[in-house]
Amino acid sequence: MSSIFGRVISSASALACRNNPNELDAEFFEEEPGEEIESAPPLKIGQERVINKKTQLRKKLLKLGLGWDSPEFGDEVTLHYMGTLLDGTKFDSSRDGGGEPLSFKLGHDKYLEGLNDGIITMKKGEVSLFTLPFDSCNGSNINGKEIPPNSDIQYEVELVSWITVVDICKDGGIIKRILEKSERNEQPGDLDDVLVKYHVMLDDGSVVAETPEEGVEFQINDGHFCPAFPKAIKTMKRGERVNLLVQAQYAFGEKGRDANHGFPAIPSNSTLTVDLELISIKHVIDLTGDSKVIKKILKEGEGSHTADEGTPVTVRYTAKLEDNTVFEKKGLDGDLPLEFVTDEEQVIAGLDLAAATMKKGELSIVTVKPDYGFGSTEVKKDLAIVPPCSTVIYEVEMVDFTKAKAPREMNNREKIETAEKKKEEGNTLFKSGKYQKASRRYDKAVDYITVDGTFWDDEQQHVDSLRVLCWLNHAACSLKLNNYPEAIELCSKVLDVEYHNVKALYRRAQAYMKTADFDLSELDINKALEVDPDNREVKILHKTLKQLRSESNKRDAKLYTNMLTRMREDSTVVSKRQKVEKAEVEERSEVAQKEIEQAAGSLGGADVEQTMNVSAPPQCIS
């Protein structure tokens, strides 16, 4: 069968062969497949179109396929076909004699190569008629059927199915064939726990590893079985089933593996075939970015909303130490669940952070390091004492929470009132030195009164003033947190609205000063003094700036002086070295002269000049 299909090479080469039998135009093989059809509307049944102008491949849709997906080059396609001349004469068919459909790797094998650009346009179950020029360079017949020169041939193709093939590491080391796709978009990350089932074989079919029926669970970051597993699993979706071809460098390499758990040894440099299924994922989230509060989701919650900050929540949990000593329970064994407001410091910081990220009905394990737990003090709880510097673990369920209205759900009065409330909360937090939390409150306040054209004229002035106050206060927080670029950005927002705002100019000048942008700082200070010449704080800042400039200039002068001094010293050292070297050369010359004179004397008065000429190296000839 392959010899027959091998004749039906790409129509690009067929056209090139007709123009010049001894030379194929390489340009045709560099063409990106499908470029002619990407912007074309879908074909209707019975409609025909040229889908590649260079190869003159035409497609006529006979039966619609299912879904929207199409195969890509490298995928393993399975299809039925029938080849005919334009007069209906059949020269080949996969269905002859009750034949099985043909399977091959699209774009990598010679099977129906001229139809590659057509097959990638097909959907599962689709039937289409493709017409292409016959390649007479490879003979005058197909399967014993005479093909007239320069004639067209047709293939009726039914795309039965295809398997997506992925080169995971782009080096052929792990080839993934997707046997069963997942309808979900959920993929695991490095910290996640996964439950998988697998079956591992050698080339001879012997089984060298297999999970129990319920599968095996592990953390991706920790790896499992061989290096190929975490790499492959991170590309999979929950519910996906694949076949892996794993080369030795991603398996057990030259060392191989000894027999274990009742399975035979894996010889060195063995290629493995793995049937692998990703059953479930337990997402693990690093809530603080430094692994001090880790949340592992055991059961997904409902919907897409999370509790968020400043939300009244109801939770039930069991809290224990690392040795499994339970020190507190809430909402279990007849006890009432715990109610608190997130981001109000009513519970330890780690539990507070976790609760703000949870959905209703979510069940998670939250591991909290001392920094976000009970710190370095001993704490007596309901069921046990928490020792100093303890890591604590909460198995917590979000029973319910009261989700605040989104800005789009509020009328103008509610937006303004909520924004003012958030601003006041921010002010309270700022006064107690909680600048990070205060920043978030100011941000929230601005979210409620973002300009969207919905406020009336009499409201707009108040909204603009409120927004400016929040930006200014947030900038003050940024300065306290040494986040000077953020402070500059926030003050610039204020100055876009009120170009003469002295507080914005003052705080931006402070931020510029901290980043050593003295010219920009002085510019803002001068603008502030133009508006308010008697402002004491601005004058003090101006004095500080002058001192910093003076100190900076002194440092620069000292730096340049040191550089010049080093340069002079280096020059002196070089001069001294040159003098020493010159003296050494002169000394060696004197020694050499004496040796020559002594040699001349030992030769019984031989001509010194002649002896010198004999001993000296020959002169270079120019």
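In this text, all values refer to a predicted model and were calculated from it rather than measured experimentally.

### Thoughts on the overall build of the protein chain
Stage number 1. Of regular secondary structure, the protein chain possesses 14 helices and 24 strands.
Stage number 2. Here the analysis covers contacts within the protein chain between residues at least 6 apart in sequence; of these, 66% occur between residues at least 24 apart.
Stage number 3. Accessible surface computed for the protein chain: about 35200 Å², of which carbon and sulfur atoms make up 49%.

### Considering helix α8 (residues 435–448)
Stage number 1. Over its 14 residues, α8 runs 20 Å from end to end, which matches the ideal 20 Å to within 8%, given 1.5 Å per residue.
Stage number 2. Taken as a whole, α8 has its buried residues at K437, A438, S439, R441, Y442, A445, V446 and Y448.
Stage number 3. Packing partners of the buried residues in α8 comprise α7 (412–431) and α9 (457–480).

### Regarding the packing of α8 against α9
Stage number 1. Look at α8 against α9: their axes get within 9 Å of each other, and the N-to-C directions meet at 160°. Considering the angle they form, α8 stands roughly antiparallel to α9. Judged by the twist between their axes, the crossing of α8 over α9 is left-handed. Residue-level inspection shows Y435, A438, S439, Y442, D443, A445 and V446 of α8 in contact with α9, the latter providing R467, C470, W471, N473, H474, C477 and K480.
Stage number 2. A class-by-class count of the residues in the contact of α8 with α9 yields eight nonpolar, three polar and three charged.

### Re unusual backbone geometry
Stage number 1. For H261, which is not glycine, the phi dihedral falls at a positive 50°.
Stage number 2. With respect to the helices and strands, the residue H261 is situated in the loop between β14 (241–246) and β15 (272–282).
Stage number 3. Even without being glycine, D308 reaches a positive phi, approximately 70°.
Stage number 4. Tracing the backbone shows D308 in the loop between β17 (293–299) and β18 (312–321).
Stage number 5. On the basis of relative accessibility, which here comes to 25%, the residue D308 falls in the partly exposed class.

### A closer look at the nonpolar core
Within soluble globular proteins, side chains that are nonpolar generally end up buried alongside one another.
Stage number 1. With 35 residues, the main nonpolar core has A419, I449, V494, A504, M513, I525 and V538 as its most contacted residues.
Stage number 2. Those elements that provide at least two residues to this core are α7, α8, α9, α10 (484–497), α11 (502–514), α12 (518–531) and α13 (536–602).
Stage number 3. With eight residues, the top contributor of residues to this core is α9.
Stage number 4. In this structure A419 touches A445, Y448, I449 and L466, once residues within four positions along its chain are discounted.
Stage number 5. Core analysis: the second largest hydrophobic core is formed by 30 residues, I178, Y198, F218 and I266 among them.

### What to know about the packing of aromatic side chains
Stage number 1. Taken as a whole and assessed by the stated rule, the structure comprises 10 aromatic pairs.
Stage number 2. Look at Y198 and F229: their rings are 4.9 Å apart centre to centre, the planes differ by 90°, and that puts the pair in the edge-to-face class. Of the two residues, Y198 is situated in strand β11 (residues 193–201) and F229 in helix α5 (residues 228–233); the sequence distance between them amounts to 31 residues.
Stage number 3. Judged by centre distance (5.3 Å) and plane angle (85°), the ring pair of F225 and F252 falls under edge-to-face.

### Some thoughts on the pattern of salt bridges
Stage number 1. Under the definition given, this model contains 38 salt bridges.
Stage number 2. Put simply, R549 and E522 hold a salt bridge, and the shortest N to O gap is 3.2 Å. A residue pair is termed long-range when its members are at least 10 positions apart, and R549 in helix α13 and E522 in helix α12 qualify at 27 residues.
Stage number 3. The partly exposed category is assigned to R549, whose relative accessible area is 24%.
Stage number 4. Here the residues in one salt-bridge network are E309, D343, E344, E345, K422, E425, K434, K437, R440 and R441, joined through shared partners.

### Section: helix α6 (residues 349–356)
Stage number 1. Burial runs high along α6: six of the eight residues are buried.
Stage number 2. The complete set of buried residues in α6 reads G350, L351, D352, A354, A355 and A356.
Stage number 3. Next to the buried residues of α6 lie β17, β18, β20 (338–341), β21 (363–368) and β24 (392–401).

### A few points about the confidence of the model for the protein chain
Stage number 1. Across the protein chain, pLDDT averages 84, with 82% of residues at or above 70.
Stage number 2. Low pLDDT, under 50, characterises residues 1–38; the stretch is placed with 71 contacts to residues that sit more than four places away or in other chains.
Stage number 3. Segment residues 599–622 is flagged for pLDDT under 50; beyond a separation of four residues in sequence, or across chains, it makes seven contacts in the model.

### Brief notes about the environment of I281
Stage number 1. If you trace the backbone, I281 turns up in strand β15.
Stage number 2. Separated by 18 residues in the primary sequence, I281 and K299 place their C-alpha atoms 9.9 Å from one another.
Stage number 3. The residues contacting I281, other than those within four sequence positions of it, are E186, Q187, P188, D192, D193, V194 and R238.

### Section: the side chain of E240
Stage number 1. If you trace the backbone, E240 turns up in the loop between α5 and β14.
Stage number 2. Those residues in contact with E240 that lie beyond four places of it in its chain are K176, I178, E180, S182, T235, L276, E277 and L278.

### Concerning the environment of F229
Stage number 1. Of the residues examined, F229 reaches a relative accessible area of 0% and is grouped as buried.
Stage number 2. Counting along the chain gives 47 residues from F229 to L276, while the straight-line C-alpha distance between them is 9.1 Å.
Stage number 3. Contacts of F229, omitting those with residues within four sequence positions, involve Y198, V200, H224, V274 and L276.

### Quick word on the side chain of S364
Stage number 1. Within the fold, S364 resides in strand β21.
Stage number 2. Overall, the relative accessible area of 0% leaves S364 in the buried class.

So, how was this worked out
Residues numbered from 1 in each chain as written. Predicted model: local features only at pLDDT ≥ 70, side-chain atom pairs only at ≥ 80, totals over all residues. Heavy atoms only, no water. Helix = DSSP H or I, 4+ residues; strand = E, 2+ residues; numbered from the N terminus. Contact = heavy atoms within 4.5 Å. Areas by Shrake-Rupley, 256 points an atom, 1.4 Å probe, with all protein chains shown as cover. Expected span 1.5 Å × (residues − 1). Buried < 20%, exposed > 50% of the residue type's maximum accessible area, 1.4 Å probe, protein only. Axes fitted to C-alpha atoms, helices over the stretch in contact; angles between N-to-C directions. Parallel < 35°, antiparallel > 145°, perpendicular 65-115°, else oblique. Left-handed = near helix turned anticlockwise from the far one by under 90°. Nonpolar A, V, L, I, M, F, W, Y, C, P; charged D, E, K, R; others polar. Core = buried A, V, L, I, M, F, W, Y, C linked by side-chain atoms within 4.5 Å. Phe/Tyr/Trp six-rings, centres within 6.5 Å; stacked < 30°, edge-to-face > 60°. Salt bridge = Lys/Arg side-chain N within 4 Å of Asp/Glu carboxyl O. pLDDT = per-residue confidence, 0-100.

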